[in-house]
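Analysis of the macromolecular model
Here are the chains, one letter per residue:
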There are 2 protein chains.
Amino acid sequence: MKPKITLKDIAKELDVSISTVSKALKNSPEISKDTKDKIKAFAKFYNYRPNNIALSLKNKRTKNIGVVIPDIVHHFFTTVFRGIEKYANQKGYNVIVCISDESFDKEVINMEMLANGSIDGFILSLSAETQLKNDFTHLRELIDQGIPVVLFDRVTSEIDCDKVILNDKEIAFEATQHFINSGASKIALVTTENYFNVSEYRRDGYLSALSKNNIEVDDNLILTLPYNMKNDSLIRDFFKTRKIDAVLCVNEIFAVQCMNIIKELGFEVPDDISIIGFTNGMLSRYSHPSLSTVAQHGDIMGERAAQMLISRMESTEEEGPFKTEIINATLIKRGSTIN
Amino acid sequence: MKPKITLKDIAKELDVSISTVSKALKNSPEISKDTKDKIKAFAKFYNYRPNNIALSLKNKRTKNIGVVIPDIVHHFFTTVFRGIEKYANQKGYNVIVCISDESFDKEVINMEMLANGSIDGFILSLSAETQLKNDFTHLRELIDQGIPVVLFDRVTSEIDCDKVILNDKEIAFEATQHFINSGASKIALVTTENYFNVSEYRRDGYLSALSKNNIEVDDNLILTLPYNMKNDSLIRDFFKTRKIDAVLCVNEIFAVQCMNIIKELGFEVPDDISIIGFTNGMLSRYSHPSLSTVAQHGDIMGERAAQMLISRMESTEEEGPFKTEIINATLIKRGSTIN
DNA sequence: TATCAACACGAAACCGTTTTCGTAGTATTT
DNA sequence: AAATACTACGAAAACGGTTTCGTGTTGATA
């Protein structure tokens, strides 16, 4: 066991001052070549590395960024996270992850914990509870303290900061239009309770595509499901009792659940009923038939978010007004639609 | 914008010394009630929180743990991570995540980066490349420096440290036995190239179940697929050209790929061919029929790993010899097997 | 009245760096 | 020979805390 060596250790051993060692290792011209060589050799031999914590304290920045997401066993969030981690890593940053587990309290506590010096900035996606409560004082305080924050996907207009979002409405429009173009008119929407504002936007896109094509909206064709529950019977009932040509689902779990039940009821996918989901995850790729779906490009969202945050953190002057970047989703047409 | 307040600020404002402020906030009996009240009120008003970095430097521990995993868009690893994060959080630790992306270099660089004071210990699962190279000097050095390390799932016997693994062999045996019990004898194995030692253990379990039941091993019934590739044609060829009753797959992607192709070839699942996979993820749950699978209990693995690490980090004396904890997988019987 | 303990607080060291500034010694200039 | 300019280094402050130890003031004791 050989513990980490410090500047002080080197200084003592080589009988020079700490400052000299520090300067020598940074190749300062103040130090003579002889001394530098001696010190560098010694440092290399003992594998000296400066202590990050001491550096953080000195420089008043940690090179850590905090990522707070509602869930991690979740395809979209992991892809976003991967995008963040990759970019951050390139830029020499490390990433501290907290899972809010859709809880307001966990979100608040974790962020306050990290805000006390552990990180230089935050990237987060609001928890369901936070969106429900509509309470953003924790965010406001952080921003007030000068900590940069980037919101992604689950954002709020209440907070003025950088944001990265998907063009949810437009892509839902496009998906719905795709159904219409292929001859569907009884188009259903399977969505979550509306405290997720992304669901809201998707519904908007769905509705405006219908109205643009002069299709009357039928509330009976909109199924609202609780998030993350066993809802097979609701779905079965839904498809059994009405005539439906196509269904747009706001996530891939709903989409695959619908597909399984549709097939079980004896309908053919996509001939009788077409399906489009959101989230281009494993389920969409490997279901049978494979699911047409909206790819949210989480990697890109994550990368952009990290980029915005880091540029904000590293600029000394105020970097101008906050921006909202919109990531363009793409519709991936696969086996569950007529293309 | 009101920046963070420090002890020094409070001291100056209240015209006492820094030491007095520090002691007052820690409720030291050395300080009079009056002074304490005054200081506490002031601190509360300005929302004083001690700076984590300064504390870390002083205490020589960061309350951060580093988690290094090969991949994050991956059901098993995310469940393990969730287990780690949950336990760590309870214990007041934060988690820094690095994704090695199956690369040796990224694994090494990230760990060395973090080891310079940023974390108190590591939890990691080896990258594919690291396992291939069989080079663990980076781990050895960290352990040498006194940094506790816990390996999980993808471990190595070359390194002496705490470990958490699955009873891969036993559960593969059990799965194979389940096939045999339901009348199968032509039992296939679909596995990865063997630099993943977990695949190796699963193969062992498979083989020993066959031999225990006096079924001759047929190498033609073992399909080795490249990791993470398009391999539909290999699979199709495999099932088209031999008689198979049941197939054990070492992950759920292989399992669902096999199932889709089996169905496409006109066989019935499970009547003609039964399937068991590993990883109880979305694919297994939502495929049709749902897949019987080995639940690896990632949450529990993560929790145990975090537990071992934290207890190691917090014990001052040497905590005795390293342990290897074995998590018992369970076989979840669903629609893809005859139960 | 001298002694002593208790009280309440401050000074300073320390954690490991970086960086500014001061300075002894040597070399150059006039 | 005196003034000046480099060279090469060290002392010390600073980042923001904690903690040990020292000390001035007060009140009680002998």
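Looking up chain A in an unreviewed UniProt entry gives the name Transcriptional regulator, LacI family, with the organism given as Maribacter sedimenticola.

**Regarding the packing of helix 9 (residues 168-181) of chain A against helix 10 (residues 197-212) of chain A**
Residue and element names in this part refer to chain A. Interhelical geometry of helix 9 versus helix 10 gives an angle of 40° and a closest axis separation of 7 Å. Accordingly, the angle class assigned to the pair helix 9 and helix 10 is oblique. The chirality of how helix 9 crosses helix 10 is right-handed. Together, Asp 168, Lys 169, Ala 172, Phe 173, Thr 176, Gln 177 and Ile 180 of helix 9 and Val 198, Tyr 201, Arg 202, Asp 204, Gly 205, Tyr 206, Ser 208, Ala 209, Leu 210 and Lys 212 of helix 10 make up the contact between the two elements. Each residue belonging to the contact of helix 9 with helix 10 can be placed in one class, and the counts come to 8 nonpolar, 4 polar and 5 charged.

**Quick word on the sheet that holds strand 5 (residues 162-166) of chain B**
The mixed open sheet is built from 12 strands, whose spatial order is 11(A)-5(A)-4(A)-3(A)-1(A)-2(A)-2(B)-1(B)-3(B)-4(B)-5(B)-11(B). Each edge of the open sheet is held by one strand with a lone partner, namely strand 11 (324-327) of chain A together with strand 11 (324-327) of chain B. Strand-to-strand twist in this sheet, taken as the mean axis angle between neighbours without regard to direction, amounts to 20°. Where strand 1 (residues 64-69) of chain A meets strand 2 (residues 94-99) of chain A, 6 bridges bridge the pair, whose relative direction is parallel. Paired with Ile 65 of chain A across the two strands is Val 95 of chain A, which belongs to strand 2 of chain A.

**Points about the protein's contact with DNA strand D**
Lining the immediate surroundings of DNA strand D are 28 residues, of which Thr 20, Lys 23, Glu 30, Thr 35 and Lys 60 of chain A lie closest. For DNA strand D, the backbone makes up 54% of the atoms found within 4 Å of the protein, where backbone means sugar plus phosphate. Ser 17 of chain A places a polar side-chain atom, nitrogen or oxygen, 2.9 Å from a phosphate oxygen of DNA strand D. In the environment of DNA strand D, a base oxygen lies 3.3 Å from a nitrogen or oxygen atom belonging to the side chain of Lys 58 of chain B. Put simply, the parts of the chain that give the surface near DNA strand D at least two residues each are helix 2 (18-25) and helix 4 (52-59) of chain A together with helix 1 (7-14), helix 2 (18-25) and helix 4 (52-59) of chain B. The biggest single contributor to the surface near DNA strand D is helix 2 of chain B, with 4 residues.

**Some thoughts on the protein's contact with DNA strand C**
Lining the immediate environment of DNA strand C, one finds 28 residues, of which Thr 20, Lys 23, Glu 30, Thr 35 and Lys 60 of chain B sit closest. Considering DNA strand C, the proportion of its atoms within 4 Å of the protein that are sugar or phosphate atoms stands at 60%. At a separation of 2.8 Å, a phosphate oxygen of DNA strand C approaches a polar side-chain atom of Ser 17 of chain B. Every element with two or more residues in the surface near DNA strand C is listed here: helix 1 (7-14), helix 2 and helix 4 of chain A together with helix 2 and helix 4 of chain B. Tallying contributions element by element places helix 2 of chain A first for the surface near DNA strand C, with 4 residues. Its residues placed into classes, the surface near DNA strand C shows 9 nonpolar, 9 polar and 10 charged.

**Quick look at the sheet that holds strand 6 (residues 187-192) of chain A**
Residue and element names in this part refer to chain A. Pairing is mixed in the open sheet, where 6 strands are placed in the order 7-6-8-9-10-12. With one partner strand each, in any of the chains shown, strand 7 (222-225) and strand 12 (330-332) form the two edges of the open sheet. Neighbour to neighbour, the strand axes of the sheet diverge by 20° on average, direction disregarded. As paired strands, strand 9 (residues 274-278) and strand 10 (residues 292-295) are joined by 3 bridges and run parallel to one another. Within strand 10, the residue paired with Gly 277 across the bridge is Thr 293. Along the sheet, helix 12 (residues 252-264) makes contact with strand 6, strand 7, strand 8 (246-249) and strand 9, crossing strand 9 at roughly 160°.

**Description of the relation of the copies chain A and chain B**
Once chain A has been moved 0.0 Å along the axis and rotated by 180°, it coincides with chain B to within an RMSD of 0.1 Å. The symmetry that links the two subunits is that of a two-fold axis. Minimal C-alpha separation from the rotation axis in chain A is found for Ile 96 of chain A, amounting to 2.1 Å. Interface residue correspondence from chain A to chain B reaches 98%, placing this contact among same-surface, isologous pairings.

**Some remarks on the pairing of strand 5 of chain B**
Residues and elements named next belong to chain B. Burial within strand 5 is extensive, with 4 of its 5 residues counted as buried. Pairing of strand 4 (residues 149-152) with strand 5 involves 3 bridges; the strand directions are parallel. When the sheet's bridge partners are listed, Leu 151 is paired in strand 5 with Lys 163.

**Focus on the side chain of Gln 177 of chain B**
Residues and elements named next belong to chain B. Secondary-structure assignment places Gln 177 in helix 9 (residues 168-181). Polar contacts involving the side chain of Gln 177 include one to the side chain of Asn 213, which spans 2.8 Å. In this view, Gln 177 contacts Ala 209 and Asn 213; residues no more than four positions away in its chain are not counted.

**Digging into the interface of chain A and chain B**
Facing 50 residues of chain A, the contacting portion of chain B comprises 49 residues. Each partner contributes to the roughly 4,700 Å² buried at the junction of chain A and chain B, and carbon and sulfur atoms together form 59% of this total. At the junction of chain A and chain B, the tally comes to 0 salt bridges. Taken together, the connections running from chain A to chain B amount to 18 residue pairs in polar contact (both at pLDDT 80 or more). A per-element tally of the side of chain A that touches chain B places helix 5 (residues 75-90) of chain A first, with 7 residues. For the side of chain A that touches chain B, the per-class residue count stands at 21 nonpolar, 21 polar and 8 charged. Alignment of strand 2 of chain A against strand 2 (residues 94-99) of chain B, held across 3 bridges, turns out to be antiparallel. In the strand pairing of strand 2 of chain B, Ile 96 of chain A is matched with Ile 96 of chain B.

**Focus on the UniProt feature "domain: HTH lacI-type" (unreviewed entry) in chain A**
Mapped onto the present numbering, the UniProt feature "domain: HTH lacI-type" (unreviewed entry) falls at residues 5-59 of chain A. The annotated region residues 5-59 of chain A carries 67% helix and 0% strand content, and the separation between its end C-alpha atoms amounts to 21 Å.

**Notes on helix 11 (residues 232-240) of chain A**
Residue and element names in this part refer to chain A. Looking at helix 11, one finds that the buried residues are Ile 235, Phe 238 and Phe 239. The buried residues of helix 11 occupy an angular sector of 85° when projected down its axis, which confines them to one face. Opposite the buried face of helix 11, at more than 90 degrees from it, the exposed residues are Ser 233 and Lys 240. Close packing links the buried residues of helix 11 with strand 6, strand 7, strand 8 and helix 12.

**Some thoughts on the domain arrangement of chain A**
Assigned domains within chain A: domain 1 (7-50), domain 2 (64-166 + 298-327) and domain 3 (168-296). Centre-to-centre, using C-alpha coordinates, domain 1 of chain A lies 66 Å away from domain 3 of chain A.

**Here we look at the packing of aromatic side chains**
Residue and element names in this part refer to chain A. Throughout the structure, instances matching the rule amount to 10 aromatic pairs over all chains. Each ring, one from Phe 42 and one from Tyr 46, has its centre 4.7 Å from the other, and the planes form 40°; the classification is tilted. Given the relative accessible area of 16%, Phe 42 is considered buried. For the pair Phe 45 and Tyr 46, a centre-to-centre distance of 5.0 Å together with 85° between the ring planes defines the contact as edge-to-face. According to the relative accessible area criterion, Phe 45 is exposed, its value standing at 64%. A connected cluster of aromatic rings, assembled from ring pairs, spans Phe 42, Phe 45 and Tyr 46.

**Re helix 5 of chain A**
All names here are of chain A. A rise of 1.5 Å per residue sets the reference length of helix 5, with its 16 residues, at 22 Å; its end C-alpha atoms lie 23 Å apart and thus fit the reference within 8%. Those residues of helix 5 that fall on the buried side of the exposure criterion are Phe 76, Phe 77, Thr 78, Thr 79, Val 80, Phe 81, Gly 83, Ile 84, Glu 85, Tyr 87 and Ala 88. Once helix 5 finishes, Gly 92 follows within two positions and takes phi at roughly 85°, a positive value.

What counts, and at which threshold
Residues numbered from 1 in each chain as written. Chains lettered and ligands numbered in written order. Predicted model: local features only at pLDDT ≥ 70, side-chain atom pairs only at ≥ 80, totals over all residues. Heavy atoms only, no water. Axes fitted to C-alpha atoms, helices over the stretch in contact; angles between N-to-C directions. Helix = DSSP H or I, 4+ residues; strand = E, 2+ residues; numbered from the N terminus. Parallel < 35°, antiparallel > 145°, perpendicular 65-115°, else oblique. Left-handed = near helix turned anticlockwise from the far one by under 90°. Contact = heavy atoms within 4.5 Å. Nonpolar A, V, L, I, M, F, W, Y, C, P; charged D, E, K, R; others polar. Pairing = 2+ DSSP bridges. Near = heavy atom within 4 Å. Polar contact = N/O pair within 3.5 Å; in protein donor to acceptor, adjacent residues only side chain to side chain. Least-squares fit on C-alpha atoms with pLDDT ≥ 70 in both. Buried < 20%, exposed > 50% of the residue type's maximum accessible area, 1.4 Å probe, protein only. Buried area = accessible area lost by both parts, 1.4 Å probe. Salt bridge = Lys/Arg side-chain N within 4 Å of Asp/Glu carboxyl O. UniProt positions renumbered as here; feature names shortened; annotations may be inferred. Arc of directions from axis to C-beta. Domains from an automatic or database assignment. Phe/Tyr/Trp six-rings, centres within 6.5 Å; stacked < 30°, edge-to-face > 60°. Expected span 1.5 Å × (residues − 1).

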